[in-house]
Amino acid sequence: MPYFPRNRKNIKEVDLEQFSCIELYAAAAGVGAIRLNRPAVLNALNLQTMIELVAAFELYDASDDVRCIVIHGNKKAFAAGADITEMQGATAVTMLERDQFARWERIKQTKKPIIAAVSGFALGGGCELTMLCDMIVASDTAQFGQPEINIGVMPGAGGTQRLTRAVGKALAMEMVLTGRMISAKQALAAGLVNRVVPVEFYLEEAIALAEEIAQKAPVAVKLAKESVLKSFSTSLESGLEFERKNFYMLFATEDQKEGMTAFVEKRKADWKGR
Ligand code: CO8
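Residues numbered from 1 in each chain as written. Predicted model: local features only at pLDDT ≥ 70, side-chain atom pairs only at ≥ 80, totals over all residues. Heavy atoms only, no water.

A. Examining the site of the ligand more closely. The environment of the ligand is made up of 25 residues, and the closest members are Ala80, Ala82, Ile84, Trp104 and Gly125. One of the backbone N or O atoms of alanine 80 is found 3.0 Å from a nitrogen atom in the ligand. Between the ligand and the protein, one listed contact pairs an oxygen atom with a backbone N or O atom of glycine 125 at 2.8 Å. Protein contact buries 65% of the 1,100 Å² of open area that the ligand shows by itself. In terms of residue class, the shell around the ligand is built from 17 nonpolar, four polar and four charged. (Near = heavy atom within 4 Å. Polar contact = N/O pair within 3.5 Å; in protein donor to acceptor, adjacent residues only side chain to side chain. Areas by Shrake-Rupley, 256 points an atom, 1.4 Å probe, with all protein chains shown as cover. Nonpolar A, V, L, I, M, F, W, Y, C, P; charged D, E, K, R; others polar.)

B. Layout of the nonpolar core. The biggest cluster of nonpolar side chains holds 45 residues, and the ones touching the most others in it are Ile34, Leu53, Ile71, Leu129, Phe144 and Leu192. Considering each element in turn, this core owes the most residues, eight residues, to helix H1 (residues 47-62). Counting residues in each nonpolar core, the second largest holds 18 residues, with Val31, Ala117, Ile207 and Val221 among its members. (Core = buried A, V, L, I, M, F, W, Y, C linked by side-chain atoms within 4.5 Å. Buried < 20%, exposed > 50% of the residue type's maximum accessible area, 1.4 Å probe, protein only. Helix = DSSP H or I, 4+ residues; strand = E, 2+ residues; numbered from the N terminus.)

C. Quick peek at the domain arrangement of the protein chain. If you check the domain split of the protein chain, you get domain 1 (16-214) and domain 2 (218-264). The C-alpha-based centres of domain 1 and domain 2 are spaced at 27 Å. Counting residues at the interface gives nine residues for domain 1 and six residues for domain 2. Across the domain 1 to domain 2 interface the summed buried area is about 670 Å²; carbon plus sulfur atoms make up 62%. Run the count over domain 1 and domain 2 and you get one salt bridge. Where lysine 225 meets aspartate 134, a salt bridge forms, and the shortest distance between an N and an O atom there is 2.7 Å. For the pair domain 1 and domain 2, the number of links is three residue pairs in polar contact (both at pLDDT 80 or more). Grouping the amino acids of the side of domain 1 that touches domain 2 by side-chain chemistry returns three nonpolar, one polar and five charged. (Domains from an automatic or database assignment. Contact = heavy atoms within 4.5 Å. Buried area = accessible area lost by both parts, 1.4 Å probe. Salt bridge = Lys/Arg side-chain N within 4 Å of Asp/Glu carboxyl O.)

D. Just the pattern of salt bridges, in detail. Scanning the model with the defined rule gives twelve salt bridges in all. The salt bridge involving lysine 108 is made with glutamate 105; its shortest N-O contact spans 2.9 Å. Taken together, the residues span about one helical turn, with lysine 108 and glutamate 105 both in helix H4 (residues 104-108) at a distance of three residues. Note that lysine 272 and aspartate 270 form a salt bridge whose closest N and O atoms lie 2.9 Å from each other. Classification of aspartate 270 as partly exposed rests on a relative accessible area of 44%. Residues joined in a network through salt bridges with shared partners are Glu258, Glu265 and Arg267.

E. Highlighting the packing of aromatic side chains. Applying the stated criterion to the full structure yields two aromatic pairs. Taking 6.1 Å as the distance between ring centres and 50° as the angle between the ring planes, the aromatic pair formed by phenylalanine 247 and tyrosine 248 counts as tilted. Between the aromatic rings of phenylalanine 247 and phenylalanine 251, the centroid separation amounts to 5.3 Å while the plane-to-plane angle is 80°, which identifies the pairing as edge-to-face. By relative accessible area, phenylalanine 251 is classed as partly exposed at 36%. (Phe/Tyr/Trp six-rings, centres within 6.5 Å; stacked < 30°, edge-to-face > 60°.)

F. Representation of the side chain of serine 227 in the model. With respect to the helices, strands and loops of the structure, serine 227 is situated in helix H10 (residues 218-230). Residues within four places of serine 227 in sequence aside, it is in contact with Phe242, Glu243 and Asn246.

G. Examining the sheet that holds strand E3 (residues 68-72) more closely. Strand order in the open sheet formed by six strands is E1-E2-E3-E5-E7-E10, with mixed pairing between adjacent strands. Strands at the two margins of the open sheet, each flanked by one partner only, are strand E1 (22-28) and strand E10 (195-197). Adjacent strand axes in the sheet meet at a mean angle of 25° when their direction is disregarded. Here E3 runs beside strand E5 (residues 114-118); their pairing, made up of four bridges, is parallel. Residue pairing in the sheet places histidine 72 in a bridge with alanine 117 of E5. (Pairing = 2+ DSSP bridges. Axes fitted to C-alpha atoms, helices over the stretch in contact; angles between N-to-C directions.)

As C-alpha coordinates, then:
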(Lines give C-alpha, C1' and ligand atoms only; values in the text may rest on other atoms or scores of the structure.)
Protein backbone atom coordinates (compact mmCIF):
# COMPACT_ATOMS: atom_id res chain seq x y z
CA MET A 1 0.00 0.00 0.00
CA PRO A 2 1.47 3.40 -0.91
CA TYR A 3 2.63 5.38 2.07
CA PHE A 4 2.76 9.11 2.35
CA PRO A 5 3.98 10.47 5.68
CA ARG A 6 1.80 13.09 7.31
CA ASN A 7 4.34 15.85 7.42
CA ARG A 8 4.95 17.16 3.90
CA LYS A 9 6.86 20.32 4.66
CA ASN A 10 9.54 21.20 2.10
CA ILE A 11 8.05 18.97 -0.56
CA LYS A 12 7.39 21.40 -3.35
CA GLU A 13 8.47 20.01 -6.66
CA VAL A 14 6.75 16.72 -7.23
CA ASP A 15 3.19 15.53 -7.06
CA LEU A 16 3.74 12.42 -4.94
CA GLU A 17 0.77 10.58 -6.38
CA GLN A 18 2.47 10.77 -9.77
CA PHE A 19 5.44 8.57 -8.81
CA SER A 20 5.87 6.02 -11.55
CA CYS A 21 9.40 4.66 -11.17
CA ILE A 22 9.57 4.16 -7.41
CA GLU A 23 7.18 3.17 -4.63
CA LEU A 24 7.14 4.42 -1.06
CA TYR A 25 5.85 2.40 1.85
CA ALA A 26 6.11 2.15 5.62
CA ALA A 27 8.36 -0.85 6.25
CA ALA A 28 8.31 -0.80 10.07
CA ALA A 29 7.86 1.68 12.91
CA GLY A 30 9.84 4.79 11.93
CA VAL A 31 11.15 3.21 8.74
CA GLY A 32 10.31 4.72 5.36
CA ALA A 33 11.09 2.45 2.42
CA ILE A 34 11.73 3.25 -1.23
CA ARG A 35 11.36 0.51 -3.81
CA LEU A 36 12.96 1.09 -7.21
CA ASN A 37 10.31 -0.16 -9.57
CA ARG A 38 11.41 -0.55 -13.20
CA PRO A 39 11.98 -4.30 -13.19
CA ALA A 40 11.79 -4.68 -16.99
CA VAL A 41 15.05 -2.71 -17.33
CA LEU A 42 16.68 -3.95 -14.12
CA ASN A 43 15.75 -0.67 -12.40
CA ALA A 44 17.90 1.40 -14.76
CA LEU A 45 18.02 4.93 -13.37
CA ASN A 46 16.42 7.26 -15.90
CA LEU A 47 15.87 10.97 -15.34
CA GLN A 48 12.33 10.46 -14.02
CA THR A 49 13.60 7.93 -11.43
CA MET A 50 16.19 10.43 -10.26
CA ILE A 51 13.62 13.21 -9.92
CA GLU A 52 11.35 10.91 -7.92
CA LEU A 53 14.20 9.63 -5.76
CA VAL A 54 15.29 13.11 -4.79
CA ALA A 55 11.68 13.99 -3.95
CA ALA A 56 11.32 10.82 -1.87
CA PHE A 57 14.44 11.47 0.14
CA GLU A 58 13.36 15.07 0.75
CA LEU A 59 9.95 13.88 1.83
CA TYR A 60 11.28 11.30 4.27
CA ASP A 61 13.91 13.68 5.58
CA ALA A 62 11.21 16.23 6.41
CA SER A 63 8.74 13.76 7.91
CA ASP A 64 8.43 13.23 11.66
CA ASP A 65 7.13 9.72 10.96
CA VAL A 66 10.40 8.54 9.42
CA ARG A 67 13.63 8.10 11.33
CA CYS A 68 15.54 5.78 9.04
CA ILE A 69 15.23 5.08 5.31
CA VAL A 70 15.66 1.83 3.38
CA ILE A 71 16.06 1.77 -0.38
CA HIS A 72 15.90 -1.43 -2.40
CA GLY A 73 15.13 -2.98 -5.76
CA ASN A 74 14.14 -6.59 -6.33
CA LYS A 75 15.96 -9.94 -6.08
CA LYS A 76 17.44 -9.69 -9.58
CA ALA A 77 18.58 -6.08 -9.46
CA PHE A 78 19.05 -3.19 -7.11
CA ALA A 79 19.79 -1.06 -10.20
CA ALA A 80 21.85 -1.85 -13.33
CA GLY A 81 23.05 1.72 -13.74
CA ALA A 82 21.98 4.90 -15.44
CA ASP A 83 19.53 4.30 -18.27
CA ILE A 84 21.77 3.70 -21.27
CA THR A 85 18.99 4.24 -23.81
CA GLU A 86 18.47 7.75 -22.42
CA MET A 87 22.18 8.63 -22.70
CA GLN A 88 22.85 6.95 -26.03
CA GLY A 89 22.26 10.04 -28.21
CA ALA A 90 23.52 12.63 -25.73
CA THR A 91 26.36 15.05 -26.43
CA ALA A 92 28.76 16.59 -23.94
CA VAL A 93 26.79 19.80 -24.24
CA THR A 94 23.39 18.20 -23.54
CA MET A 95 24.89 16.24 -20.63
CA LEU A 96 26.39 19.42 -19.20
CA GLU A 97 23.22 21.43 -19.73
CA ARG A 98 20.95 18.84 -18.17
CA ASP A 99 23.53 18.07 -15.47
CA GLN A 100 21.11 15.46 -14.23
CA PHE A 101 23.64 13.60 -12.15
CA ALA A 102 24.10 16.66 -9.96
CA ARG A 103 20.72 15.66 -8.52
CA TRP A 104 22.49 12.98 -6.54
CA GLU A 105 24.07 15.68 -4.41
CA ARG A 106 20.68 16.35 -2.85
CA ILE A 107 20.49 12.73 -1.70
CA LYS A 108 23.82 13.23 0.04
CA GLN A 109 22.24 16.01 2.10
CA THR A 110 19.67 13.65 3.65
CA LYS A 111 20.10 13.95 7.42
CA LYS A 112 18.46 10.67 8.37
CA PRO A 113 20.35 7.39 7.95
CA ILE A 114 19.85 5.55 4.67
CA ILE A 115 20.34 1.80 4.25
CA ALA A 116 20.62 0.24 0.79
CA ALA A 117 19.26 -3.31 0.72
CA VAL A 118 20.95 -4.84 -2.29
CA SER A 119 20.21 -8.06 -4.14
CA GLY A 120 21.42 -8.90 -7.65
CA PHE A 121 23.01 -6.19 -9.77
CA ALA A 122 24.23 -2.88 -8.33
CA LEU A 123 26.08 -1.52 -11.34
CA GLY A 124 27.28 1.85 -12.57
CA GLY A 125 24.94 4.52 -11.21
CA GLY A 126 23.25 1.74 -9.18
CA CYS A 127 26.50 0.97 -7.37
CA GLU A 128 27.06 4.70 -6.95
CA LEU A 129 23.61 5.06 -5.43
CA THR A 130 24.39 2.35 -2.85
CA MET A 131 27.56 4.23 -1.96
CA LEU A 132 25.58 7.42 -1.36
CA CYS A 133 23.72 5.48 1.32
CA ASP A 134 25.13 5.14 4.81
CA MET A 135 25.06 1.35 5.03
CA ILE A 136 24.68 -1.51 2.60
CA VAL A 137 23.01 -4.78 3.56
CA ALA A 138 23.65 -7.20 0.71
CA SER A 139 22.11 -10.51 -0.21
CA ASP A 140 24.57 -13.30 -0.94
CA THR A 141 23.59 -12.93 -4.62
CA ALA A 142 24.50 -9.24 -4.85
CA GLN A 143 27.05 -8.11 -7.43
CA PHE A 144 28.68 -4.70 -7.40
CA GLY A 145 30.44 -3.12 -10.34
CA GLN A 146 31.33 -0.03 -12.33
CA PRO A 147 31.01 -1.37 -15.89
CA GLU A 148 30.91 2.03 -17.63
CA ILE A 149 34.27 1.30 -19.27
CA ASN A 150 32.52 -1.41 -21.32
CA ILE A 151 30.26 1.16 -22.95
CA GLY A 152 33.01 3.69 -23.67
CA VAL A 153 32.67 5.95 -20.66
CA MET A 154 33.60 6.00 -16.98
CA PRO A 155 31.80 6.40 -13.65
CA GLY A 156 30.21 9.83 -13.29
CA ALA A 157 28.48 9.89 -9.92
CA GLY A 158 31.05 8.89 -7.35
CA GLY A 159 32.41 5.58 -8.72
CA THR A 160 35.99 6.77 -8.89
CA GLN A 161 35.81 8.63 -5.58
CA ARG A 162 33.52 6.85 -3.11
CA LEU A 163 34.47 3.37 -4.34
CA THR A 164 38.17 4.17 -3.93
CA ARG A 165 37.60 5.42 -0.40
CA ALA A 166 35.52 2.32 0.42
CA VAL A 167 37.64 -0.47 -1.05
CA GLY A 168 41.04 1.10 -1.60
CA LYS A 169 42.93 2.10 -4.73
CA ALA A 170 43.93 -1.25 -6.20
CA LEU A 171 40.50 -2.92 -6.15
CA ALA A 172 38.72 0.28 -7.22
CA MET A 173 41.16 0.66 -10.10
CA GLU A 174 40.57 -2.95 -11.19
CA MET A 175 36.79 -2.55 -11.02
CA VAL A 176 36.73 0.78 -12.86
CA LEU A 177 39.26 -0.20 -15.55
CA THR A 178 38.00 -3.72 -16.28
CA GLY A 179 34.30 -3.23 -15.51
CA ARG A 180 34.37 -6.54 -13.63
CA MET A 181 31.86 -7.11 -10.87
CA ILE A 182 32.64 -8.24 -7.34
CA SER A 183 30.50 -10.61 -5.29
CA ALA A 184 28.78 -9.76 -2.03
CA LYS A 185 31.42 -11.77 -0.19
CA GLN A 186 34.24 -9.78 -1.82
CA ALA A 187 32.36 -6.54 -1.15
CA LEU A 188 32.13 -7.46 2.54
CA ALA A 189 35.82 -8.33 2.75
CA ALA A 190 36.71 -5.05 1.01
CA GLY A 191 34.56 -2.94 3.34
CA LEU A 192 32.00 -1.82 0.76
CA VAL A 193 29.07 -3.44 2.58
CA ASN A 194 28.40 -3.94 6.26
CA ARG A 195 26.42 -7.20 6.12
CA VAL A 196 25.76 -10.13 3.79
CA VAL A 197 22.76 -12.36 4.40
CA PRO A 198 20.97 -15.12 2.45
CA VAL A 199 18.87 -13.64 -0.34
CA GLU A 200 15.57 -14.68 1.31
CA PHE A 201 16.30 -12.40 4.24
CA TYR A 202 18.23 -9.42 2.87
CA LEU A 203 15.31 -7.00 2.89
CA GLU A 204 14.02 -8.18 6.26
CA GLU A 205 17.54 -7.79 7.66
CA ALA A 206 17.90 -4.25 6.29
CA ILE A 207 14.50 -3.25 7.65
CA ALA A 208 15.30 -4.74 11.07
CA LEU A 209 18.56 -2.76 11.15
CA ALA A 210 16.66 0.40 10.16
CA GLU A 211 14.06 -0.25 12.86
CA GLU A 212 16.80 -0.62 15.46
CA ILE A 213 18.29 2.74 14.44
CA ALA A 214 14.81 4.34 14.27
CA GLN A 215 14.43 3.60 17.99
CA LYS A 216 17.48 5.63 19.01
CA ALA A 217 17.44 9.30 19.99
CA PRO A 218 16.76 11.06 16.65
CA VAL A 219 18.91 14.16 17.10
CA ALA A 220 21.87 12.07 18.27
CA VAL A 221 21.43 9.81 15.24
CA LYS A 222 21.48 12.77 12.85
CA LEU A 223 24.54 14.37 14.40
CA ALA A 224 26.36 11.04 14.61
CA LYS A 225 25.70 10.42 10.90
CA GLU A 226 26.86 13.92 10.04
CA SER A 227 30.03 13.44 12.07
CA VAL A 228 30.93 10.10 10.46
CA LEU A 229 30.39 11.59 6.98
CA LYS A 230 32.57 14.55 7.88
CA SER A 231 35.54 12.18 8.05
CA PHE A 232 35.38 11.84 4.24
CA SER A 233 35.79 15.52 3.56
CA THR A 234 38.07 16.94 6.20
CA SER A 235 41.36 16.51 8.05
CA LEU A 236 41.49 14.39 11.20
CA GLU A 237 42.03 17.50 13.30
CA SER A 238 38.98 19.38 12.02
CA GLY A 239 36.95 16.17 12.02
CA LEU A 240 37.71 15.61 15.70
CA GLU A 241 36.76 19.19 16.50
CA PHE A 242 33.53 18.83 14.52
CA GLU A 243 32.72 15.60 16.39
CA ARG A 244 33.44 17.15 19.78
CA LYS A 245 31.17 20.13 19.10
CA ASN A 246 28.34 17.88 17.94
CA PHE A 247 28.84 15.82 21.10
CA TYR A 248 28.62 18.93 23.30
CA MET A 249 25.60 20.16 21.37
CA LEU A 250 23.65 17.03 22.29
CA PHE A 251 23.74 18.19 25.91
CA ALA A 252 21.25 20.84 24.84
CA THR A 253 18.66 18.16 24.03
CA GLU A 254 15.98 16.76 26.31
CA ASP A 255 16.92 13.35 24.99
CA GLN A 256 20.39 13.56 26.56
CA LYS A 257 18.77 14.19 29.97
CA GLU A 258 16.21 11.47 29.36
CA GLY A 259 18.79 8.95 28.08
CA MET A 260 21.17 9.36 30.99
CA THR A 261 18.37 9.50 33.59
CA ALA A 262 16.80 6.37 32.13
CA PHE A 263 20.15 4.60 32.37
CA VAL A 264 20.55 5.57 36.02
CA GLU A 265 16.94 4.62 36.80
CA LYS A 266 17.38 1.32 34.92
CA ARG A 267 14.45 1.90 32.57
CA LYS A 268 13.93 2.30 28.83
CA ALA A 269 14.37 5.85 27.55
CA ASP A 270 11.38 7.65 26.06
CA TRP A 271 12.85 9.78 23.26
CA LYS A 272 11.26 13.09 22.37
CA GLY A 273 13.40 13.94 19.36
CA ARG A 274 14.43 17.27 20.79
N1 CO8 B 1 20.03 0.95 -19.07
C2 CO8 B 1 18.96 0.63 -19.83
N3 CO8 B 1 18.47 -0.62 -19.95
C4 CO8 B 1 19.10 -1.60 -19.26
C5 CO8 B 1 20.21 -1.34 -18.43
C6 CO8 B 1 20.67 0.02 -18.35
N7 CO8 B 1 21.71 0.36 -17.56
N8 CO8 B 1 20.61 -2.50 -17.89
C9 CO8 B 1 19.77 -3.45 -18.33
N10 CO8 B 1 18.85 -2.92 -19.16
C11 CO8 B 1 17.76 -3.61 -19.86
C12 CO8 B 1 18.28 -4.46 -21.00
O13 CO8 B 1 18.48 -3.69 -22.16
C14 CO8 B 1 17.16 -5.47 -21.13
O15 CO8 B 1 16.08 -4.86 -21.82
P16 CO8 B 1 15.30 -5.72 -22.98
O17 CO8 B 1 14.65 -6.86 -22.21
O18 CO8 B 1 14.32 -4.73 -23.52
O19 CO8 B 1 16.33 -6.18 -23.93
C20 CO8 B 1 16.67 -5.68 -19.69
O21 CO8 B 1 17.17 -4.54 -18.96
C22 CO8 B 1 17.26 -6.93 -19.06
O23 CO8 B 1 18.67 -6.89 -19.21
P24 CO8 B 1 19.51 -8.07 -19.87
O25 CO8 B 1 18.69 -8.84 -20.84
O26 CO8 B 1 20.79 -7.49 -20.39
O27 CO8 B 1 19.77 -8.98 -18.57
P28 CO8 B 1 20.98 -9.96 -18.32
O29 CO8 B 1 20.64 -10.68 -17.06
O30 CO8 B 1 21.31 -10.74 -19.54
O31 CO8 B 1 22.25 -8.99 -18.04
C32 CO8 B 1 23.36 -7.11 -17.03
C33 CO8 B 1 22.25 -8.17 -16.91
C34 CO8 B 1 24.74 -7.79 -16.99
C35 CO8 B 1 23.24 -6.20 -15.81
C36 CO8 B 1 23.21 -6.31 -18.35
O37 CO8 B 1 21.87 -5.89 -18.47
C38 CO8 B 1 24.08 -5.08 -18.42
O39 CO8 B 1 25.25 -5.19 -18.69
N40 CO8 B 1 23.49 -3.88 -18.22
C41 CO8 B 1 24.17 -2.62 -18.34
C42 CO8 B 1 25.05 -2.35 -17.11
C43 CO8 B 1 25.81 -1.05 -17.30
O44 CO8 B 1 26.58 -0.88 -18.20
N45 CO8 B 1 25.60 -0.10 -16.36
C46 CO8 B 1 26.26 1.18 -16.38
C47 CO8 B 1 25.42 2.18 -17.10
S48 CO8 B 1 26.24 3.73 -17.31
C49 CO8 B 1 26.14 4.47 -15.80
O50 CO8 B 1 25.55 3.98 -14.88
C51 CO8 B 1 26.79 5.83 -15.70
C52 CO8 B 1 26.65 6.37 -14.29
C53 CO8 B 1 26.68 7.87 -14.28
C54 CO8 B 1 25.94 8.42 -13.07
C55 CO8 B 1 24.59 7.77 -12.89
C56 CO8 B 1 23.71 8.36 -11.88
C57 CO8 B 1 22.37 7.72 -11.94
